[in-house]
Amino acid sequence: MKPFDWGNYETHCYWMKQALILGQKAANLGDVPVGALIINSQGKLIAEGLNCKEKNHDPTAHAEIMAIRQATQKLGSWNLEKCTLYVTLEPCIMCSGAIIHSRLGLLVYGVDDPKSGTIRTVLNLPDSAASNHRLSVLSGILEKECRQQLQDWFKQKRHKKNDNNIR
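To start, this report covers the structure provided alongside it. (Residues numbered from 1 in each chain as written. Predicted model: local features only at pLDDT ≥ 70, side-chain atom pairs only at ≥ 80, totals over all residues. Heavy atoms only, no water.)

## Description of the pattern of salt bridges
Thinking step 1. One pass over the full model with this rule turns up 2 salt bridges.
Thinking step 2. Across the pair Asp 127 and Arg 120 runs a salt bridge, and its minimum N-O distance is 3.5 Å.
Thinking step 3. Judged by relative accessible area, Asp 127 falls into the partly exposed class, the value being 45%.
Thinking step 4. The class of Arg 120 is partly exposed, set by a relative accessible area of 35%.
Thinking step 5. The salt bridge involving Glu 143 is made with Arg 147; its shortest N-O contact spans 2.9 Å. (Salt bridge = Lys/Arg side-chain N within 4 Å of Asp/Glu carboxyl O. Buried < 20%, exposed > 50% of the residue type's maximum accessible area, 1.4 Å probe, protein only.)

## Considering the nonpolar core
Thinking step 1. Counting residues in hydrophobic clusters, the biggest one holds 38 residues, and the most contacted among them are Met 16, Ile 38, Leu 85, Leu 104 and Leu 107.
Thinking step 2. Considering each element in turn, this core owes the most residues, 7 residues, to helix 1 (residues 9–28).
Thinking step 3. Among residues more than four places away in sequence, those in contact with Met 16 are Tyr 86, Val 87, Thr 88, Val 108, Tyr 109, Gly 110, Ile 141, Leu 142 and Cys 146. (Core = buried A, V, L, I, M, F, W, Y, C linked by side-chain atoms within 4.5 Å. Helix = DSSP H or I, 4+ residues; strand = E, 2+ residues; numbered from the N terminus. Contact = heavy atoms within 4.5 Å.)

Set out below in structure tokens:
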């Protein structure tokens, strides 16, 4: 028996749409469009994060890290075992480490990251011997929308770079 409610597909889609909105905010600020949010065991939003590496000049300012920091401050505890993290892109090694160390109850992510995803794609940190926590994971929620947001952003970024090279 799980210590949290897995919810239903519509609930997961609702929260992932909210994460996509945060991802768009990151894109508008010049960062890779990744958004994350954390929900408590009562289904209430307790934290939000968006990529702000460029804005903050901080390599650790990933959406997941920002949301985890906010949630732990709000709860007054580093332990997020009764919480769910929604994020549009599969977490990297740094974020996976923070997720594992925060004892997150459930991770829900939108699209796999074939270059640096360390939940299921490139590595599987949660199920490895390096993990001291068994993380429940649900992936592929609004996968198409999450992938499209990232592809559109990178396409626009490449287009701007090519325009700058012409001048």
